[in-house]
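Coordinates in review
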Amino acid sequence: MMKKFKFAAFAFFLMCSQFILAQNSVSGVVSDNTGTPLPGVSIIVQGTTRGTTADFDGQYSIDNVTPTDELIFSYIGMTRQIISIGSATTLNVTLLESSEALDEVVVVAYGKQSRRTVTGAIATVDADEIASLPVANAEQALQGRAAGVSVVNSGPPGSSPQVLIRGLGTFGNNSPLYVIDGVIVGNLSGISPSDIENVSILKDASTTALYGARGSNGVVLVTTKSGKKGKGILNFSTYSGAQVVSNRYDLMNTTQYLQFAANNNVFPDRPAELFQNNTDWQDAIFKVGFIQDYKLDYSKGTENTTQFFSAEYLKQEGTIINTGFDRYSFRANSSFTSGKLKFGQTMSVSLSKSRGEQSGGGRTLITHAVNSVPFLPVFNPNNRGGFQGPDNVGDSQNAENPVRIQTLPTFSNNNFSLIGSLYGEYDIIEGLKFRTQIGLDYFTGRNSTFIPIFSDDPSNTHAQDYASYNAGVSFGQGLVFTNSLNYQKTFAEKHNLEFLALAEKTENIDSGFGGSARNLVTDELQQFGPDSQTIASGNSKTTRLGYLARLNYNYDTKYIFSASVRTDASSRFGENNRWGTFPAVSLGWVISEEDFFGDDSSVNNLKLRSSYGITGNDAIGDYQYAATLVGGFEYPVGGSIAPGFTENGGSNPDLKWEEITTLNLGLDVGFLNNKFTASLEYFKNRSDDLLVSLPTPLSSGSHAGNITSNVGSVETKGFEAILGYNDNEGDFTWSANFNIGSSSNEVIVLGVDEIPRNRLQDAAVNVTNIQVGESIDHFYGYVSDGIYQTQAEVDAVFSGNLGQTDVQPGDIRYKDINGDGNITADDRVVLADPLPDFTYGLNLSANYKNFDASLFVTGVQGVDVYNTIRYDLEGGARRVFNGSPALLNSWTPGNSTTTTPRFGGSTENFAVSDRFIEDGSYARLKNISLGYTLNSEVLNGYLSKLRLYASAQNLFTITDYNGLDPELTSGVDYGRYPQPKSFLFGVQLSF
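Calculation rules
Residues numbered from 1 in each chain as written. Predicted model: local features only at pLDDT ≥ 70, side-chain atom pairs only at ≥ 80, totals over all residues. Heavy atoms only, no water. Pairing = 2+ DSSP bridges. Helix = DSSP H or I, 4+ residues; strand = E, 2+ residues; numbered from the N terminus. Core = buried A, V, L, I, M, F, W, Y, C linked by side-chain atoms within 4.5 Å. Buried < 20%, exposed > 50% of the residue type's maximum accessible area, 1.4 Å probe, protein only. Contact = heavy atoms within 4.5 Å. Axes fitted to C-alpha atoms, helices over the stretch in contact; angles between N-to-C directions. 1 Å grid on protein atoms, 1.4 Å probe; cavity = no way out; pocket = protein on both sides within 12 Å on 5 of 7 lines; lining within 4 Å. Points joined across faces, edges and corners; volume = space filled by probe spheres on them. Nonpolar A, V, L, I, M, F, W, Y, C, P; charged D, E, K, R; others polar. Polar contact = N/O pair within 3.5 Å; in protein donor to acceptor, adjacent residues only side chain to side chain. Arc of directions from axis to C-beta. Patch = residues over 30% accessible without salt bridge, like charges linked within 9 Å, V, L, I, M, F, W, Y side chains within 5 Å. Areas by Shrake-Rupley, 256 points an atom, 1.4 Å probe, with all protein chains shown as cover. Salt bridge = Lys/Arg side-chain N within 4 Å of Asp/Glu carboxyl O. Phe/Tyr/Trp six-rings, centres within 6.5 Å; stacked < 30°, edge-to-face > 60°. Lys NZ or Arg CZ within 6 Å of the ring centre and 35° of its normal.

Glancing now at the sheet that holds strand 52 (residues 972-973). Taken in spatial order, the 3 strands line up as 48-47-52 in an open sheet, and their pairing is mixed. Bordering the open sheet on either side are strand 48 (917-919) and strand 52, each of which pairs with just one other strand. Where strand 47 (residues 864-867) lies against strand 52, 2 bridges are found, and the strand directions are parallel. Looking across to strand 52, one finds that Tyr866 is bridged to Val972.

Written out as structure tokens, the structure is:
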């Protein structure tokens with residue numbers, strides 16, 4: 001009896017325990033890694049069919065669970081999580097995007113496409129990568145992020161960098177086409193980088209031919225942020241910091257300069273006390289520049305509407321005095337759905353003010369700073385304007401006071417930009433959608449410069465005896481009107497078909513007005529004075545009309561085919577060749593989908609891709625097919641002088657499109673659940689009918705003597721690779737992504753013997769050249785061979801011209817390449833190439849619990865630079881001015897072992913040669929950052945996110961280049977504005 005009682009009591013206890021356990025419940029909120037709630041997340045009790053879904057605010061609740069139960073959280077595009085309940089009654093869960101989801105959809109021309117079915121060459125950069133590098137211009141954030149994309153940053157704050165996709169393919173404009181939310185724009189300066197959701201870079205013909213007329217240099221597609229479904233999220237972020245340029249050129253001090261001048265029989269006529277000065281002109285123009293940014297955005301969405309609003313203020317001081325950039329930007333994106341109809345808008349407004357670098361005599365501030373003598377002070381209150389400059393040959397009259405050049409004028413450049421679109425979509429029948437969109441890129445600009453009366457010295461060597469004022473207003477408007485039909489259908493569950501038909505018209509209008517005047521009476525009025533008044537205006541209009549048809553087909557996402565044809569007309573060509581047709585085709589084979597791989601294969605993705613197509617280019621000036629008129633001439637008419645016009649170049653009614661034929665081969669690999677990924681590309685482009693301005697016969701009577709013709713051909717080829725590793729498991733997660741790209745080009749046809757480019761002002765010669773058989777803009781000049789030590793050495797080289805007296809011992813010896821016993825232009829050869837052999841980028845990121853860290857390295861290899869500043873400092877000394885201490889070691893009969901030629905020697909010493917060509921390769925730590933995010937428990941519900949971070953940009957650069965910055969746009973260093981080191985601290989909040 002007792003045993004039965006014990007058994008019954010034990011059974012009753014178990015029943016009660018299970019009843020007690022079954023009464024537990026668990027609830028919480030499911031969100032993504034940004035803190036945004038995720039509605040519709042599936043939550044299932046492991047091993048059962050019991051569960052629920054998260055509501056509109058990401059909240060969920062499940063009853064009748066036990067501490068031993070496990071919950072499965074799953075959501076499309078997110079990594080599934082399994083969490084034990086334990087004793088918790090509240091479980092807030094953050095779901096991360098799965099590795100497959102990150103590549104699930106990419107933005108392509110006029111739509112989106114599954115990454116698995118993409119057969120063209122497309123690189124993507126997402127919002128996190130852009131946000132990790134605080135920059136003023138979105139193009140700057142692309143540097144090092146995509147293989148085959150070269151981004152060169154230079155110039156003062158607010159400057160747009162040079163962007164090249166797969167190198168140079170034309171003699172003219174090589175900039176890519178920029179498209180923001182379907183609106184074609186000139187660059188990305190009109191939007192805030194923090195408003196960008198993602199960037200797709202289209203690199204081959206199968207992707208760029210869809211833009212036909214304008215896709216030859218590649219396409220940068222930008223998608224801005226939009227509202228997300230869920231409750232409203234308010235984000236605020238700010239950062240501030242300092243920027244500095246620490247590099248300096250090694251220059252002579254006052255004692256060294258006076259010795260150098262005396263060595264060359266020059267004695268500055270100045271009071272002795274002035275020689276006690278030792279002015280550092282480089283420190284006088286460089287400063288610490290402070291930067292600050294404030295950003296506020298709000299996102300909200302329902303099942304039928306989404307809204308996104310943002311506002312930002314950026315203030316960036318330059319590291320050169322009186323330079324800087326200020327920008328206010330605003331954005332509003334929204335969408336609305338009602339049954340079969342969806343419509344929406346995007347709008348970005350930007351107001352900016354920039355203060356750029358001024359120039360004196362066509363030279364940069366750095367050039368003036370390194371040539372200025374150290375015994376002169378920066379300021380002199382006794383001089384009109386308050387600055388001091390040289391007034392005799394001993395003062396280095398070639399240099400102007402750089403501080404006066406930059407700070408005395410009052411100047412500014414104010415710009416307004418509006419980029420927006422309105423669109424509507426209607427589902428006609430299942431799978432068939434009509435879309436119409438009109439886009440606007442509108443901008444205005446106003447610039448002005450006022451220079452008061454000044455005199456830097458009593459002899460008026462550098463002076464202006466009048467106040468000058470010039471101002472200009474520019475206006476531009478680009479309209480894009482696009483209508484399309486898109487049909488998508490799956491047949492027999494495996495045949496996936498998409499067809500796009502599109503018509504598009506673009507219209508660009510540019511106009512400007514400017515004037516200048518002088519005031520001889522007063523410099524108190526910053527207005528047009530009554531003297532020397534001039535005005536000028538201009539206007540141009542470009543219209544394009546295009547039609548596109550595209551077919552995408554894949555069988556079971558295994559065998560992929562895509563074909564397109566676009567035909568465009570451009571008003572930049574005459575009626576004979578106004579239309580151009582641009583076809584493209586691509587194939588893909590997803591080998592990993594074949595049965596022989598098996599279900600347990602570690603290879604998740606193995607895809608072969610190939611594409612072939614033609615794109616076009618009309619990036620020339622307007623009306624070049626016609627003979628325009630130019631004024632400014634005077635003719636005798638009826639015994640008096642009358643103004644007249646003449647033909648400005650010849651007409652060419654047969655002018656037509658540049659055409660670029662592109663072959664692209666690619667291989668994509670992903671294995672171990674896409675933990676390891678790789679993508680390899682090979683491309684070969686042939687550019688034909690390149691537009692070149694050729695000289696016309698003098699007998700034609702043309703004033704300009706030039707006519708634009710289709711005569712050039714260039715071949716460009718290269719290789720690209722992207723390698724990635726992603727570890728998203730555990731408390732410590734990390735990823736590494738490396739990309740590398742090479743590009744080389746060769747001129748096949750030119751139409752003329754050569755086209756010299758990049759002129760040196762002081763030497764009046766060109767540094768780079770274009771000619772058949774060589775790369776575009778290669779360095780072309782003489783090969784140096786030491787210094788002549790004796791007259792016998794001079795006569796041995798000039799055996800065919802023994803009577804010459806210009807070249808003497810102590811001058812640079814050049815090689816007589818053609819062996820004719822003389823040094824002439826025929827002895828010039830190709831010296832180097834300013835284009836890099838390859839560019840690369842390495843991005844490392846890691847997270848441990850609440851800590852995050854990232855490191856980004858970018859660089860170029862095999863690039864050559866012509867250092868014109870070093871030319872001034874060491875080899876360009878034709879008269880006394882400041883420079884390198886190496887000038888103290890100039891050649892003399894008693895100092896013949898030096899490598900520095902004699903002072904004031906032969907004009908050949910200043911010829912373009914290999915003397916000042918340097919290796920400009922570099923590896924730069926572009927960004928390093930460390931952040932900490934406080935979790936929601938610590939914030940007690942007041943905030944959903946609080947992240948603190950610190951970062952440094954351009955912290956160090958590994959290079960053998962002797963200039964201030966090896967990052968140059970043309971391969972020629974004229975003393976360009978160097979990139980600063982930046983040290984920033986930031987805060988990110990979410991409410």
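All right, on to the nonpolar core then. Ranked by size, the top nonpolar core spans 33 residues in total, and within it Tyr249, Tyr257, Ile285, Phe286, Ile366 and Val370 carry the most contacts. At the level of elements, helix 5 (254-263), helix 6 (281-285), helix 7 (365-371), helix 8 (402-407) and helix 10 (868-875) are the ones that each hand at least two residues to this core. If one sorts the elements of this core by residue count, helix 7 sits on top with 4 residues. Those residues within four positions of Phe286 in sequence are excluded, and the remaining contacts are Val245, Arg248, Thr319, Ile320, Ile366, Leu964 and Pro978. Among the nonpolar cores identified, the runner-up in size contains 25 residues, and Ala123, Val135, Ala138 and Val222 belong to it.

Pairing is antiparallel in the open sheet, where 4 strands are placed in the order 3-2-5-6. A strand with exactly one partner marks an edge of an open sheet, and here the two such strands are strand 3 (51-53) and strand 6 (81-84). Across the sheet, the axes of successive neighbouring strands diverge by a mean angle of 20°, strand direction being ignored. Bridge analysis of strand 2 (residues 42-45) against strand 3 gives 3 bridges, and the strand direction is antiparallel. Paired with Ile43 across the strands is Thr52, a residue of strand 3.

A word on empty space enclosed by the protein. Summed over all chains, the structure comprises 8 cavities of 30 Å³ or more. Quantified by volume, the largest cavity comes out at close to 320 Å³. Residue lining of the largest cavity: 28 residues in total, with Gln140, Gln243, Gln316, Gln979 and Pro980 positioned closest to the centre. Elements represented by at least two residues in the lining of the largest cavity include exactly strand 19 (305-317) and strand 53 (981-990). Of the residues assigned to the lining of the largest cavity, the class counts are 11 nonpolar, 15 polar and 2 charged. The computed volume of the second largest cavity comes to approximately 180 Å³. The set of elements that each furnish at least two residues to the lining of the second largest cavity consists of helix 4 (205-208), strand 34 (658-671) and strand 35 (676-695). Of the residues belonging to the lining of the second largest cavity, the class tally is 4 nonpolar, 14 polar and 3 charged.

Counting through the fold element by element, Ser455 comes out in strand 24 (residues 454-455). Within the structure, the side chain of Ser455 is placed 2.6 Å from the side chain of Asn460, a separation counted as a polar contact. Sequence-distant contacts of Ser455, defined by excluding residues within four places in its chain, comprise Asn383, Arg384, Phe387, Asn460, His462 and Ala463.

On to helix 5. Thr254, Tyr257, Phe260 and Ala261 are the residues of helix 5 that are buried. Axial view of helix 5: buried residues confined to an arc of 125°, hence all on one face. Among the residues of helix 5, the N-terminal cap falls to Asn253, whose side-chain oxygen and the backbone nitrogen of Thr255 are separated by 3.2 Å. Immediately beyond the C-terminal end of helix 5, within one or two residues, lies Asn265, with a positive phi of roughly 60°.

As for its placement among the helices and strands, Gly158 is situated in the loop between strand 11 (149-152) and strand 12 (162-165). Between the C-alpha atoms of Gly158 and Gly230, which are 72 residues apart in sequence, the distance is 36 Å.

A cluster of nonpolar side chains, contributed by Leu341, Phe343, Tyr426, Ile428, Ile429, Phe434 and Leu485, occupies part of the molecular surface with about 580 Å² of accessible area. Of all the secondary structure elements, the ones that give two or more residues to the nonpolar patch are strand 21 (341-355) and strand 22 (410-429). Element by element, the count of residues in the nonpolar patch is highest for strand 22, at 3 residues. Following the sequence through the fold, Phe343 ends up in strand 21. The class for Phe343 is partly exposed, based on a relative accessible area of 38%.

Here we take up the pairing of strand 29 (residues 559-570). Where strand 28 (residues 531-555) meets strand 29, 12 bridges bridge the pair, whose relative direction is antiparallel. From the neighbouring strand, Leu551 faces strand 29, where its bridge partner is Ala563. Where strand 28 folds back on strand 29, the antiparallel hairpin that results is connected by 3 residues, among which Asp556 adopts a positive phi of roughly 55°. Summarising the sheet, strand 29 and strand 30 (residues 579-590) pair through 11 bridges and their orientation is antiparallel. Looking at the pairing, Tyr559 lines up with Trp589 of strand 30.

This next bit is on the packing of aromatic side chains. Centre distance and the angle of the planes are the two values used to describe a pair of aromatic rings. Taken as a whole and judged by the stated rule, the model has 24 aromatic pairs. An angle of 80° between the planes, with centres 5.6 Å apart, marks the rings of Tyr60 and Phe73 as edge-to-face. Separated by 13 residues along the polypeptide, Tyr60 in strand 4 (residues 59-63) and Phe73 in strand 5 (residues 70-74) bring together distant segments of the chain. Given the relative accessible area of 4%, Tyr60 is considered buried. The interplanar angle of 45° and the centroid separation of 6.2 Å between the aromatic rings of Phe838 and Tyr840 together place this pair among those described as tilted. Here a set of aromatic residues connected by ring pairs shows up, and it is made of Phe671, Phe676, Tyr725 and Trp734. Taking the ring centre of Tyr625 as reference, the NZ or CZ of Arg578 above it sits at 6.0 Å. One residue, Arg924, lies across the ring of Tyr922, its end atom 5.3 Å from the ring centre.

What follows covers the environment of Thr969. The topology assignment puts Thr969 in the loop between strand 51 (957-959) and strand 52. Taking the relative accessible area as the measure of exposure, Thr969 reaches 26% and is therefore partly exposed. Once residues within four sequence positions are removed from consideration, Thr969 is found in contact with Val152, Ser154, Gln162 and Arg976. A distance of 3.0 Å separates the side chain of Thr969 from the side chain of Arg976, its partner in a polar contact.

A word on the environment of Pro409. Mapped onto the fold, Pro409 is located in the loop between helix 8 and strand 22. When near neighbours in sequence (up to four residues on either side) are disregarded, Pro409 contacts Asn322, Arg404, Thr449, Phe450 and Ile451.

Here we come to the pairing of strand 5. If a strand is regular, its side chains alternate between the two faces of the sheet. The pairing of strand 2 with strand 5 spans 4 bridges and is antiparallel. Counterpart to Ile44 in the pairing with strand 5 is Ile72. As paired elements, strand 5 and strand 6 share 4 bridges and run antiparallel to each other. By the bridge assignment, Phe73 is partnered in strand 6 with Gln81.

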